[in-house]
Amino acid sequence: MTENGDSTTPRAHGRVSRRTVLKAAGASALAAGAVTVTASSSAAADGKPYDAIVVGAGYAGGTVARELGARGMKVLVLEARGRIGGRIEPGTLAGQHIELGGGWFGPGQDLVARELKRYSLTTTEDVHATRMVMPGPNGYTSHSPQEAGARLNTLFADFYAGSEQYFERPYEPLHRKDLLASVDRLSLADRIAQLQLRGVDHDWVSGATSVFAGGNRTGSLTGLAQWYQLAGGTYDKFLSVMSELPEGGMISVLERMLGESGATVSLNSPVTAIRERGGLTHVEVRGGRVYQAPVVVLATPVNMWSTLTFEPGLPKVYADAAREGIGVPHATKLWLRVRGTSEAVSAQAPEGAPILLLIPQKQLPDGRVFVAFTGPALDVSDPQAVRAAVRGLLPEARVVEYRAKEWHKDPYARGGWGLRRPGQLLRQLPDIQQPFGRIVFAGGDIASGWNGAFVEGALESGFRAAEQAATLAG
């Protein structure tokens, strides 16, 4: 595939179910997996009802399915897409494995480390940049990684000053609730304005934060500050938690989790409604099929909640989150094969630039693969615009082919990784983590620790939700 690649084509994966894989009409099967088609509308293939239904086959849903399966519970996983993974999506470019969704683990993320050990999976370090291109007074300038890193550490020490106090225990974000009141209302743009950043300092900071926020006016200061303290309180440590690549790709652990769960996985099954009636949850899938169980775990991005019908309707904390969203409003990941340079150069641009961040990946005989995160200013469907944006950062680079994933346009994500909006931390935690009736909520977006952009948070939330679901199911 040359020029722009559409990454929305469903891709199936093996080793997902030891029991039965359901599929709706026209659904693709899991590769290398045994598939049994059933028309049952409210019971498992063997005629027995499910003990729990999990909506979403991402990392949170996979964790719930495995943990409930270990308790001897019969679990149905309903996944809207024709693949597992949620906001984890593997792909290929130039014959190389790429990650169109989440791409990295990192040191200090203990739940991930435990899962890797459980399944005997190893990791490799990502490519280290040999040069960094950064905004300068008149265009872009080159720096050594050491020089740029030292300056970024200093800038962000000022930017996050005080977070070591209001996130004294970053895994318990409300521990210093008294100190959060004055900062949780601030957006990242508010914090930049507070510091009166100008010129190159402004461009270095605004570019770095907008990559994660999808817009500095949208993302909260406390959202990024918590990640900063979870990582150890320096910017280089923060970057290090996005530095390790798992053997087999990001999907590898999830495949094994679902395989171990014994759950029934139904792909191409987008849920449209969740109703509680007579002590059971009734989960309706597009087309009218209805499944029943004593408890349902909703393990989708928060941005998807507004697309579902709930009976009874959701209380305020959930309804507010559904209306506001947590997944970042603009999240495009762009993979590029370039010629003209094989150097492992990284580049960062100010907020508002077409490409905000460019990261070197595998070297090729005739160039290199790069991964980029773009802003709303770049139309990734326009190959000429993509080429021009890359040349703006690396004049010597010539784009041969690329693939783009616009997560905010994905119908089953409706946004990128999660990052709390201003005020959401104090208004939503811990209530948003609690069950409502027989509905349990899970997902990295609502994790206490590594929330939003990290598999670690999805695992944390999944373990909590599994305990809640087991209790409700009796």
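Everything numeric in this text was worked out from a predicted model, so none of it was measured.

Draft legend 1. Spatial organisation of the layout of surface pockets. Considering only enclosed or pocket space, the second largest pocket measures out at about 340 Å³ in volume. As for the second largest pocket, its lining consists of 19 residues, of which His97, Ile98, Leu245, Trp335 and Gln361 are closest to the centre. Ranked by residues supplied to the lining of the second largest pocket, first place goes to strand S5 (residues 96-99) with 4 residues. Partitioned by chemical class, the residues of the lining of the second largest pocket number 8 nonpolar, 7 polar and 4 charged.

Draft legend 2. Examining the sheet that holds strand S15 (residues 309-311) more closely. With mixed pairing, 4 strands are arranged side by side in an open sheet as S13-S12-S11-S15. Looking at strand neighbours, the two that pair on one side only are strand S13 (290-293) and S15, the edges of this open sheet. Neighbour-to-neighbour, the strand axes of the sheet open up by a mean angle of 15 degrees, direction not taken into account. Across 6 bridges, the pairing between strand S11 (residues 271-277) and strand S12 (residues 280-285) is antiparallel. Note that in S12 the partner of Glu276 across the bridge is Thr281.

Draft legend 3. The nonpolar core, seen in detail. Of all hydrophobic cores here, the largest spans 83 residues; its most connected members are Ile53, Phe156, Leu298, Trp305 and Phe441. What Phe441 contacts, discounting residues up to four positions off in sequence, is Leu298, Trp305, Leu314, Tyr318, Ile432, Gln434, Phe436, Ile446, Ser461 and Ala465.

Draft legend 4. Molecular detail of the sheet that holds strand S18 (residues 355-364). The 7 strands are arranged S8-S7-S17-S18-S19-S16-S20 in an open sheet whose pairing can be described as mixed. Edge positions in the open sheet fall to strand S8 (139-143) and strand S20 (398-406), since each of these has one partner strand only. On average, each strand axis in the sheet is tilted by 20 degrees relative to the strand beside it, whichever way the strands run. Pairing of strand S7 (residues 131-136) with strand S17 (residues 345-348) involves 3 bridges; the strand directions are parallel. If you follow Val133 over to S17, its bridge partner there is Ala347. Running over the sheet, helix H3 (residues 145-159) touches S7 and S8 and is turned about 50 degrees from S7.

Draft legend 5. Region of the structure containing helix H1 (residues 59-70). With 12 residues, H1 extends 16 Å between its outermost C-alpha atoms, agreeing within 8% with the 16 Å of an ideal straight helix rising 1.5 Å per residue. All of the buried residues along H1 are Tyr59, Ala60, Gly61, Gly62, Thr63, Val64, Ala65, Arg66, Glu67 and Leu68. Contacts made by the buried residues of H1 are with strand S2 (52-55), strand S3 (75-78), helix H2 (110-118), helix H10 (251-261), strand S14 (296-298) and helix H14 (455-473). Positive backbone phi, at 85 degrees, marks Gly72, one or two positions downstream of H1.

Draft legend 6. Representation of unusual backbone geometry in the model. Of note, the amide linkage connecting Glu311 to Pro312 takes the cis form, showing an omega dihedral of 0 degrees. Among the secondary structure elements, Pro312 is positioned in the loop between S15 and helix H11 (316-324). Of note, the bond from Leu429 into Pro430 is cis; its omega dihedral lies within 30 degrees of zero at 0 degrees. Non-glycine residue Gln196 carries a positive phi angle of around 55 degrees. Mapped onto the elements, Gln196 comes out in the loop between helix H6 (188-194) and helix H7 (199-213).

Thresholds applied
- Residues numbered from 1 in each chain as written.
- Predicted model: local features only at pLDDT ≥ 70, side-chain atom pairs only at ≥ 80, totals over all residues.
- Heavy atoms only, no water.
- 1 Å grid on protein atoms, 1.4 Å probe; cavity = no way out; pocket = protein on both sides within 12 Å on 5 of 7 lines; lining within 4 Å.
- Points joined across faces, edges and corners; volume = space filled by probe spheres on them.
- Helix = DSSP H or I, 4+ residues; strand = E, 2+ residues; numbered from the N terminus.
- Nonpolar A, V, L, I, M, F, W, Y, C, P; charged D, E, K, R; others polar.
- Pairing = 2+ DSSP bridges.
- Axes fitted to C-alpha atoms, helices over the stretch in contact; angles between N-to-C directions.
- Core = buried A, V, L, I, M, F, W, Y, C linked by side-chain atoms within 4.5 Å.
- Buried < 20%, exposed > 50% of the residue type's maximum accessible area, 1.4 Å probe, protein only.
- Contact = heavy atoms within 4.5 Å.
- Expected span 1.5 Å × (residues − 1).

Geometric values such as these leave the question of function open.
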